[in-house]
Structures are given as C-alpha cells and as structure tokens.
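Chain and residue survey
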Amino acid sequence: MKSIFFHLMPYRDLPADFEQRYESVWVTPPNTELCDPVKVAQYYQWNLDELELADQLGFDGLGINEHHQNAYGFMASPNLMAAALSRRTSSKSAILVLGNTLALYSPALRVAEEFAMLDCMTNGRLAAGFPVGTSMDVNRCYGITPTETRPRFYEAHDLIMKAWTQPGPFAYNGRFNQLRYVNPWPQPLQKPHPPVWLAGGGSVETWEMAVNHNYTYSYLSFFGYHFAKRLMDGFWETSERLGGTFNPYQAGFAQQICVAETDAQAKEQYLEHVAYFFSKCLHIPDYYFETPGYRTRRSAEFAIKTGQPGEIAKIASLEKNWDTLVDTGMIIAGSPATVADRLTEACKQLRVGNLIALLQIGSMPHELTKQNITLFAEGVLPKIRGLWADDGYEHKWWPQGAEQPASAPAPVAGS
Amino acid sequence: MADPTETYVEVKDGAFKIRVLQAGTGAAPLVYIHGAGGLFWDPLLAGLADRFAVTAPEHPGFGQSQGLEHVPDLWDLVLYYNELLDTLGIERATLVGHSFGGMVAAEIAANNPERVDRLVLIAPIGLWLDEHPVPDISGIPPADLPALVFADPTGPVAASMPAPDPTDPESLLTAVNSLSSVLQFIWPLPDKGLHKRLYRVKAPTLLVWGAQDRLVDPAYGPAFSRAIAGARLEVIEGAGHVPQLEQVAATRAVIDDFLG
C-alpha cells in the first residue's frame, strides 16, 4: 500500500463570513480583496515544509496538483512546486504531480517538456498526472470551449506520449497542436516514460482510458470513501468489461484524515479546520461545476441518470458536524489505531493500493499540520503499508527512481 | 395561427438530422434561426407565415437535432447552413435571426450575400463592447436569468417560458446538451470576428432591440448598424431580450413595415 501525502495548498485565512459574502471560492473570489501575497509567501513556505516533513518521515510519495483562481488550492503551477521539492527531498519519495491539466496548454508540448525536465531533476521519481481538469479551471478560468475539453485532452495526451517515446524531430498535425518539429530536449529519464496517473470525478471515458492505456486511475473527491465506493466500483467494472486485470495498485483515492493522540482529541483539535474546508473551500455554485458541454454527452447522460448531481448536492447540504463527517466517511479521524482501522477498511472496500492522504485541511495551521503528518507517519503508515503485500500484486505504476521500501511489510492493521 | 409541420431533414448524407418547422403559403422563402432559448412556433413566426414560406430549422445538437460533432467551429457552421439551404431547395431567402441565431444569420449574410434577400436581426450577439459585457448565461444562477432576459421578469411572458423538469433526467439532459451546442460557438465571449465580416452584408437589414435588453445591451444596436451599410435600427419600448414575445404587436409592426 502506497501512502501519498497530498497538499492542496489552501488559503488558510478566509474571512469568517466568506461564504455569505462571496459567490464562490473558485473562479471569481476577488483577488485584491481576499488574497494577500504577504500571507501567500508564508503559506508557500509552510506548504513546502510540510511536504518535506512527510518525505523525511517516510511517506512513499508527495502529491500536488493544479488549480486556478481557487482559494482552496492556489497552485497554478504544480511544476514549480515539484521543482522546489526535487532539490529538498530524499531519493526515496515519489513526486506525483496529479497533474498538469492538459487541455490548458497549447501547444501541449510544454507539458512534455516540463515533465521530462522534472523527471530528470528528480532522478526518475516523477509520476505524470494527466487530469482532464475541472470545468472551473478549464472552461471558466482558461476559457476553453466546454465541448473542446475532451478533444483537447486526448490530443494533448497523444502528442505528449509521442514526444516522449518517438525519436524527434517529427511533425504533428493535430486539430489544436500543429507542429512542424517535435523534438523535446530532453525526453524523460524513465523508460518508456514516467508512469501516467489519471485522476477523475466519475467520467466513463476516463475509466476506459485508464484501462485501455494501462494507467492508474485515482478518484479525487473530498467526500470520502463511502461516496467513492460506487464510482470506484464503476472503474473496476469498466476494467473487467474491457478485459483488464485487477491490480489494486492501478487505483487510488483521496481521503481527508485527522490523526490525534485520542479520538476525542481529534474532534477537539481538527473540527474547526475541517468545518472551514467544507463550508468555505467547497463553496462553489453548481452552475460553475458543470458548464454544459464540459462532460461528453455520454458522461452527462451517465451522471444525470445515475443521480450524481443530486447525490453531491445531498452530501453538500448535510450539516457538517463532527459526527456526520465521521459517519459519512468524509473524514477519517481519531487516534492512530482508529484511523488505521478505518483506512484499512476503506482501501479494502474500494480495492485501491494508493492512498492519497489529505492531511492539511482548510485552515489547519502549520503546527497542527505537522502533528497530523507526524502521527500518521509514526502510527498509521506502518500499519497500512502491508495491505495487499501478501496478495502478489506488483506495483507497475510507481516511479522507477523512487526507492521501494526494502523491509518486510508490517502486519496489516487489525490482523 | 397556422400550425407548422415538423419534419426531420437529413443533411450531408445523414451526418445531420435536423428538426425543421415549416408553415406558410407565400412564395417567398423566409428562414428563421432561433437563439439559445430554443425553437418554438411563436406569434412572430405565425404572423410571418401569413406572407412567407417560413422554414425554421433547429440548431445542430439542440433539442433532438443531431450533427453538432460535424460543425466544430463557426466556419463549419456557416458551410453547414449552405448545405441545409441547398438540401431544402432554398436558393435565396429572407433571414431572420434572434440572439445567437442573429449572430448566425449575420455570418451567413456576410459569407453568402448572394443568398440573402433581406436580413432581420433581433437582439443579435456577435460583437463585443468592453463597456457592455454580454453576461455569461451559463455562469449565473438560473433564477437570475429572467431579470436579464425580460423587461418584466415577473410578468406572464417570463412565467410562460419552458424550463426543464428537474425531476426528469431526459429533460435535464436535453437542456444541458442544447445549451452546450450554442456555447460551442460563443465561448468564452461571443466575439468570433463578426465585426471584420459585417461589411460584406449586402441585404437590406433591420435591427430590432428591446429597450430594456439587459442581456445584450441596446448599445449593441448602433454598433451593428454602423457596421452594416444602410441598416435600420428599431428599439422597442417595454421589451427585453425577446421583444417578439414581450411586445408582440410592436415587434411585428416594425418587421412587417421593413419587409413591406
């Protein structure tokens, strides 16, 4: 089982009445009113310190991603963060950039170049995430026509894979990328290329792409493992339908996690910051979420007919008190033993071998975040590391340059 | 009111299957191109059918009409309309377009001036004035839309507008697909270079604007009329973005007067 410390890099000091005063945490929160660069300078230092701490404490990987005009994640360029991490982390941890939003780049050759640079700078520790991206980022912040979201994504993927694996120079004649000379210097260090990680929110096409290309699929939501179940089942069913072979390492899921000395302390220490996340950081109007045309007609039909918008709305409207958050699995919180037990249950239920652990949540301050990371690394990670170890699966999607743990797997929690 | 016939017309060997409403006994063809609100037989079309052979095609990808994937950009859409007119046997027609349909009609009139007899644009989009940004209709709460579209957002016309049934997945899906088929040509701003092409419009042109249009500000009226030689601009009081519904008689009067 791989544990990845994933950092969203949120603004930790939004005003108390933010969600009453402003339309959205994403796209339109007015920057001069709300985003103080002096604070951001401090946040970036904390964020990188927290990622580096996770590396020192033995996390398998460090995860970062890309969002735009977003107060819960102002990492417009995750590649800049990955570059900083490449010089400040050990040779053990993988660096998972989950990822670069391909449709935004024209030519998408830029992504092939920067990921190849990062792969070389990290000595082959890079996992290359190719998300389709959210409608907020792609359509609203970067102005991509909604119905071009998928076509641009597929074409960028095709161009990048060719740029990484075919000898240059060659011509590429795409609809959105027309290049006479494709010849990036360098190509990636990992051969044939860095492992590709797809991330999604439940689009049928993304599941099929992961299976057909043998990439990993990670379900990235903030609603926890109960909610993830049906969507992860959808991925595994797609895999079976298309003749894929089950391997838990082909899948990952994101989970918000709060670890304290005791279950009671977890509530006392973290509730305020988790509540901040759910009330402010997810304050996004539904008309931003789903610009018509962002989903293909097929995926729109799937989403509407399986009631996804209704289900998300239902979850979003729940009162976010501690018991609800814990009972619905939106957060996994408590003592290291409690957290390890629930994570084991969650990963078994979802059949995933990559845990994307969200350990800095909302307004969580630097010291408390360090505690969360430390308690997870010392008390939880050893207990879940051995999950799947005895089942004979090989992790074929882990960066070649990241060192595999040499020691025998620790016993699975509860066993 | 003349009842239109509804047929599905195949264009380009079946690549497009387009719902077409037709009515009228007049010899002169008139083609109506609808806006993002959709195609329905309204009093304006019924009135026009008294004098013209009215043909109102649905936009590809809108409602039940198919073929959006074959018109990836605006240039393809203009060529498609040429194909559609050929298929329908309409060599030359009066074009009437509303809002997004007005932009499409203007593009056709600029690209193929020989096919357009007269041009009526009702609150067309297609130009951009920094001081009057056209709101993003997909980026606001649906409940805020009537205030942008209608002079009287709480009046009977606003109340009679069809809305998707939130409990019916098919209806929701059709609404999403329909809007996406329009956004494909106007994202992120409805300025795709029409201002460079309007000089080619040769047809006598009437511009009709609701004085209380808060979606496409009436300031766009002079912007269009300056760009199209000899264009006439009529502003209808008491109407918003859909003057043909909010002020039926006044709108019909200026259009009838123009069409002679």
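One numbering rule holds for all chains: residues counted from 1, following each sequence as written. Just so you know, chain letters begin at A and ligand numbers begin at 1, following the order they were written in. Local features are withheld for residues below a pLDDT of 70 in this predicted model, meaning they are given only at 70 or higher, and side-chain atom pairs are given and counted only at 80 or more; totals for whole chains, interfaces and linings count all residues.

1. What to know about the overall build of chain B
What counts is decided by this rule: Segments assigned H or I by DSSP are reported as helices when at least four residues long, segments assigned E as strands when at least two residues long, and all are numbered from the N terminus. Radius of gyration here is computed from C-alpha atoms only, and the compact-globule reference equals 2.2 Å multiplied by the residue count raised to the power 0.38. Working definition of burial: number of other C-beta atoms within 10 Å of the residue's own, with buried at 20 or more, exposed at 12 or fewer, and partly exposed in between, all C-beta atoms being placed from the backbone. Here, residues touch in the contact sense if the C-beta positions derived from the backbone fall within 7 Å of one another.
Along its length, chain B carries 10 helices and 8 strands. Computed over C-alpha atoms, the radius of gyration of chain B comes to 17 Å, within 12% of the 18 Å expected from 2.2 N^0.38 for 260 residues, which places it in the range of a compact globule. Judged by the C-alpha coordinates and their principal axes, chain B covers about 45 × 40 × 40 Å. Residues classed as buried in chain B amount to 45% of the 260 residues present. Put simply, of all contacts in chain B between residues at least 6 apart along the chain, 70% involve residues at least 24 apart.

2. Considerations on the overall build of chain A
Per the secondary structure count, chain A includes 16 helices and 11 strands. The C-alpha radius of gyration of chain A comes to 20 Å, within 12% of the 22 Å expected for a compact globule of 415 residues. Taking the principal axes of the C-alpha coordinates as reference, chain A spans close to 60 × 55 × 45 Å. The proportion of buried residues among the 415 residues of chain A is 53%.

3. So, the interface of chain A and chain B
To be explicit about the condition: Put simply, Ala, Val, Leu, Ile, Met, Phe, Trp, Tyr, Cys and Pro go in the nonpolar bin, Asp, Glu, Lys and Arg in the charged bin, and everything else, Gly too, in the polar bin.
Tallying the contact residues gives 16 residues for chain A and 15 residues for chain B. For the side of chain A that touches chain B, the secondary structure elements donating two or more residues are helix 11 (286–289) and helix 12 (297–305) of chain A. Top contributing element to the side of chain A that touches chain B by residue count: helix 12 of chain A, with 5 residues. Among the residues making up the side of chain A that touches chain B, the classes are represented as 7 nonpolar, 5 polar and 4 charged.

4. Regarding the packing of helix 8 (residues 204–213) of chain A against helix 9 (residues 224–241) of chain A
Residues and elements named next belong to chain A. Under the convention used in this document: Only C-alpha atoms enter the line fits that serve as axes; for helices the fit covers just the stretch in contact. Angles between N-to-C directions range over 0 to 180 degrees. Angular relationships are summarised with four words: roughly parallel below 35 degrees, roughly antiparallel beyond 145, roughly perpendicular across 65 to 115, and oblique for the angles in between. Note on convention: near helix rotated counterclockwise from far helix by under a right angle means a left-handed crossing. Clockwise means right-handed.
Their axes nearest at 9 Å, the elements helix 8 and helix 9 cross at an angle of 45 degrees. With respect to helix 9, the axis of helix 8 lies oblique. Considering how the two elements wind past one another, helix 8 and helix 9 form a crossing that is right-handed. Counting all contacts with helix 8, which are made through Trp207, Glu208 and Val211, the residues of helix 9 involved are Gly234, Phe235, Thr238 and Ser239.

5. So, the nonpolar core
Cut-off, in case you're wondering: The term nonpolar core refers to a set of buried Ala, Val, Leu, Ile, Met, Phe, Trp, Tyr and Cys residues connected through C-beta atoms within 7 Å.
One finds Phe5, Trp197, Met232, Ile257, Ala357 and Phe376 of chain A to be the most contacted residues of the largest nonpolar core, which totals 121 residues. The next biggest cluster of nonpolar side chains, apart from the first, holds 79 residues, and it includes Leu48, Ala93, Val104 and Ala123 of chain B.

6. What about the pairing of strand 3 (residues 29–33) of chain B?
All names here are of chain B. Defined as follows: A pair of strands is treated as paired once DSSP finds two or more bridges between them. Crossover handedness is defined by viewing with both strands directed away from the observer: a clockwise path from the first strand over the helix to the second marks the crossover as right-handed.
Most of strand 3 sits out of view: 5 of its 5 residues are buried. The side-chain alternation of strand 3 yields two buried faces, one formed by Pro29, Val31 and Ile33 and the other by Leu30 and Tyr32. Pairing analysis gives 3 bridges linking strand 3 to strand 4 (residues 53–57), with the strands arranged parallel. Bridge pairing in strand 4 places Leu30 opposite Val54. In terms of handedness, the path from strand 3 via helix 1 (residues 43–48) over to strand 4 forms a crossover that is right-handed. Pairing between strand 3 and strand 5 (residues 93–98): 4 bridges, direction parallel.

7. Describing the confidence of the model for chain A
What counts is decided by this rule: What pLDDT conveys is the predictor's confidence in a given residue, as a value from 0 to 100.
Predicted confidence across chain A gives a mean pLDDT of 93, with 96% of residues reaching 70 or more. Ignoring residues within four places in sequence, the model shows residues 406–415 of chain A, a span with pLDDT below 50, making 18 contacts including any to other chains.

8. Examining the sheet that holds strand 7 (residues 205–210) of chain B
Residues and elements named next belong to chain B. Spatial strand order, 1-2-4-3-5-6-7-8: 8 strands in an open sheet with mixed pairing. Here the strands that pair on one side only, and so sit at the sheet edges, are strand 1 (5–11) and strand 8 (232–236). The mean inter-strand angle of the sheet, taken between neighbouring strand axes irrespective of direction, is 20 degrees. In this structure, strand 1 lies alongside strand 2 (residues 16–23), joined through 7 bridges in antiparallel fashion. If you follow Glu6 over to strand 2, its bridge partner there is Leu21. This element, helix 3 (residues 100–111), spans strand 3, strand 5 and strand 6 (116–122) of the sheet and lies at about 145 degrees to strand 5.

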